[in-house]
Amino acid sequence: MPLTLDGLVIKQQSGFFTVQTERGAYVCQLRGRIKEEAARKRRKTAGDPTLNLCAIGDRVTITALEDRTGVIEAIHPRERVLSRSDIEERGAGRQEREQIIIANPDQAVFVLAVINPMPKPRGLDRLLVMAEKAQIPSIQVVCNKIDLIPREEADTLFALYRRLGYPVLYTSARTGEGVDELRALLTGRLSVLTGPSGVGKTSLLNAVQPGLGRAVRAVSRATSKGRHTTVHRELIPLSGGGYVADTPGIRTISIWDVEPGELDAYFVDIRPFVRDCAFADCTHAHEPGCAVIAAVERGEIDPGRYESYLRLREEIENSYEDWV
Ligand code: GDP
Ligand code: ZN
């Protein structure tokens, strides 16, 4: 007798989805009807219409068969998605499409090192915008290698993010400092964890749980090699509950589907000043009566954060012109 079960998609590879249920994992394919509906809706657009139908992090209902395989009958509505834009060259034109990286992430964990490599705050700002855009409820900054410099020195850079409301956790995979706190943060949640290479992500995750870092890294390598048709994505389970994913796509993400004016909302420190600008369509770059520029001059907005804002705004405006 086939069973109907609800579960979580924990792995996707070449059209196969591994679904974790209370009765174990099943390797599933999508019911043909789901694909046909998607194809009908997206007939006018290019590319594989099934690409974003189902992703890791999706909650689904499956028909489970005896041989541990199954069929995905329904994909439950998503609370949120983290996606990237995917540029497709078609003849003379370029087309930008959404590519879902992960569905329903609870938490974003951005890992940097306090030194070796030197932290790049502009890169962090870009990740924070992405997490704000996706409305990820918990955003966590982790600064590793705190064994290498005094905490006060690290604070000159990272206290700013605390003031903005982003919790900052100092860790050391070497001494074990902060590792229990990180484990507690990850437990029971679906976290996307990312950061530049060399900051100690693998070492930290191995400290959280033996083998965890290696497992995450292996998937991350497979994903970066994959082309659209063979994308391999996977959530790595924590022994205390919850999952971690490192998807390399996040690191090179372009800010998908953000309109230039919308960016204001994703800078928590710029957002409060915008309503006082003289012009409703102020770009905060040069306009007279700009309340954002005034706040930067008064020292109420960090100049580095303002620079990040201008850079992202320019990037968005350029890509916007390309494809509108
Ligand atoms: P990943 O690329 O982010 O996964 O970084 P790795 O975990 O591979 O670490 C990169 C290098 O930094 C390795 O040589 C680690 O031994 C070293 N490393 C990682 N964590 C720490 C730490 O907390 N303190 C110090 N001093 N070195 C660390
Ligand atoms: Zn302005």
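In this text, all values refer to a predicted model and were calculated from it rather than measured experimentally.

All right, on to the overall build of the chain then. Secondary structure assignment for the chain yields nine helices and 14 strands. Buried positions account for 49% of the 324 residues belonging to the chain. Taking the intrachain contacts of the chain between residues at least 6 apart in sequence as the baseline, contacts between residues at least 24 apart amount to 66%. Accessible area for the chain stands at about 16,100 Å²; split by element, carbon and sulfur atoms hold 50% of it.

Lining the immediate surroundings of ligand 1 are 16 residues, of which Asp-147, Ala-173, Gly-198, Thr-202 and Ser-203 lie closest. Arg-217 is positioned such that a nitrogen or oxygen atom in its side chain is 3.0 Å from an oxygen atom of ligand 1. In isolation ligand 1 has 580 Å² of accessible area, and contact with the protein removes 75% of it. Per-element tally for the shell around ligand 1: the top contributor is helix α5 (residues 201–208), with three residues. Its residues assigned to classes, the shell around ligand 1 shows four nonpolar, seven polar and five charged.

Take the coordination of the zinc ion (ligand 2) next. Protein coordination at the zinc ion (ligand 2): the donors are Cys-277 (SG), Cys-282 (SG), His-284 (ND1) and Cys-290 (SG), at 2.1 to 2.4 Å from the metal. The site at the zinc ion (ligand 2) holds four donor atoms, and with the angles between them running 102 to 115°, its shape is tetrahedral. All donors of the zinc ion (ligand 2) belong to a single chain; written as a sequence motif, their spacing is C-x4-C-x1-H-x5-C. Taken as a pair, Cys-277 in the loop between α7 (263–266) and α8 (291–297) and Cys-290 in the loop between α7 and α8 lie far apart in primary sequence, 13 residues in all. Cys-290 matches Cys-277 in its accessibility class, with the two residues each being buried.

Here we come to the sheet that holds strand β9 (residues 138–144). Strand order in the open sheet formed by six strands is β10-β9-β8-β11-β14-β13, and the pairing between neighbours is mixed. Since the sheet does not close on itself, it has two edges, and those belong to β10 (168–170) and β13 (236–237), each with one partner. Where strand β8 (residues 107–113) and strand β11 (residues 190–194) come together, four bridges link them in parallel fashion. In the sheet register, Ala-108 faces β11, and the bridge partner there is Val-192. Contacting β8, β9 and β11, α5 crosses the sheet at an angle of about 145° to β11.

Turning to the pattern of salt bridges, a few remarks are in order. Applying the stated criterion across every chain yields a total of 16 salt bridges. Between Arg-305 and Asp-125 there is a salt bridge, with its nearest N and O atoms 2.8 Å apart. Of this pair, Arg-305 sits in helix α9 (residues 303–323) while Asp-125 sits in helix α2 (residues 121–133); the two residues are 180 residues apart in sequence, bridging distant segments of the chain. Looking at Arg-305, the relative accessible area reads 1%, which means it is buried.

Turning our eyes to something else, we now look at the pairing of strand β5 (residues 69–75). In this structure, strand β3 (residues 24–30) lies alongside β5, joined through four bridges in parallel fashion. By the bridge assignment, Gln-29 is partnered in β5 with Val-71. Bridge analysis of strand β4 (residues 59–64) against β5 gives five bridges, and the strand direction is antiparallel. Across the sheet, residue Val-60 finds its bridge partner in β5, namely Ile-75. As consecutive antiparallel partners, β4 and β5 are separated by four residues, and within that stretch Arg-68 has a phi angle of approximately 65°, a positive value.

Let's shift gears to the packing of helix α4 (residues 179–186) against α5. At a minimum axis distance of 9 Å, the contact between α4 and α5 shows a crossing angle of 80°. Looking at the two axes, α4 sits roughly perpendicular to α5. Taking contact as the criterion, the partners of Val-179, Leu-182, Arg-183 and Leu-186 in α4 are, on α5, Leu-204, Leu-205, Ala-207 and Val-208. Of the residues belonging to the contact of α4 with α5, the class tally is seven nonpolar, no polar and one charged.

Now for the pairing of strand β2 (residues 16–21). In terms of strand pairing, strand β1 (residues 3–13) meets β2 through six bridges, oriented antiparallel. Bridging from a neighbouring strand, Gly-7 pairs with Thr-21 of β2. Here β1 folds back onto β2 in antiparallel fashion, the turn holding two residues, of which Ser-14 has a positive phi close to 45°. The sheet contact formed by β2 and β3 spans five bridges and is antiparallel. Looking across to β3, one finds that Thr-21 is bridged to Gly-24.

Following the sequence through the fold, Val-19 ends up in strand β2. Residue classification places Val-19 among the buried residues on the basis of a relative accessible area of 0%. For the pair Val-19 and Val-60, spaced 41 residues apart in sequence, the C-alpha separation works out to 8.0 Å.

Reading the values: the criteria
- Residues numbered from 1 in each chain as written.
- Chains lettered and ligands numbered in written order.
- Predicted model: local features only at pLDDT ≥ 70, side-chain atom pairs only at ≥ 80, totals over all residues.
- Heavy atoms only, no water.
- Helix = DSSP H or I, 4+ residues; strand = E, 2+ residues; numbered from the N terminus.
- Buried < 20%, exposed > 50% of the residue type's maximum accessible area, 1.4 Å probe, protein only.
- Contact = heavy atoms within 4.5 Å.
- Areas by Shrake-Rupley, 256 points an atom, 1.4 Å probe, with all protein chains shown as cover.
- Near = heavy atom within 4 Å.
- Polar contact = N/O pair within 3.5 Å; in protein donor to acceptor, adjacent residues only side chain to side chain.
- Nonpolar A, V, L, I, M, F, W, Y, C, P; charged D, E, K, R; others polar.
- Donors = N, O, S within 2.8 Å, 3.2 Å for Na, K, Ca; no water.
- Tetrahedral: all angles 85-135°; square planar, octahedral: opposite > 155°, others 65-115°.
- Pairing = 2+ DSSP bridges.
- Axes fitted to C-alpha atoms, helices over the stretch in contact; angles between N-to-C directions.
- Salt bridge = Lys/Arg side-chain N within 4 Å of Asp/Glu carboxyl O.
- Parallel < 35°, antiparallel > 145°, perpendicular 65-115°, else oblique.

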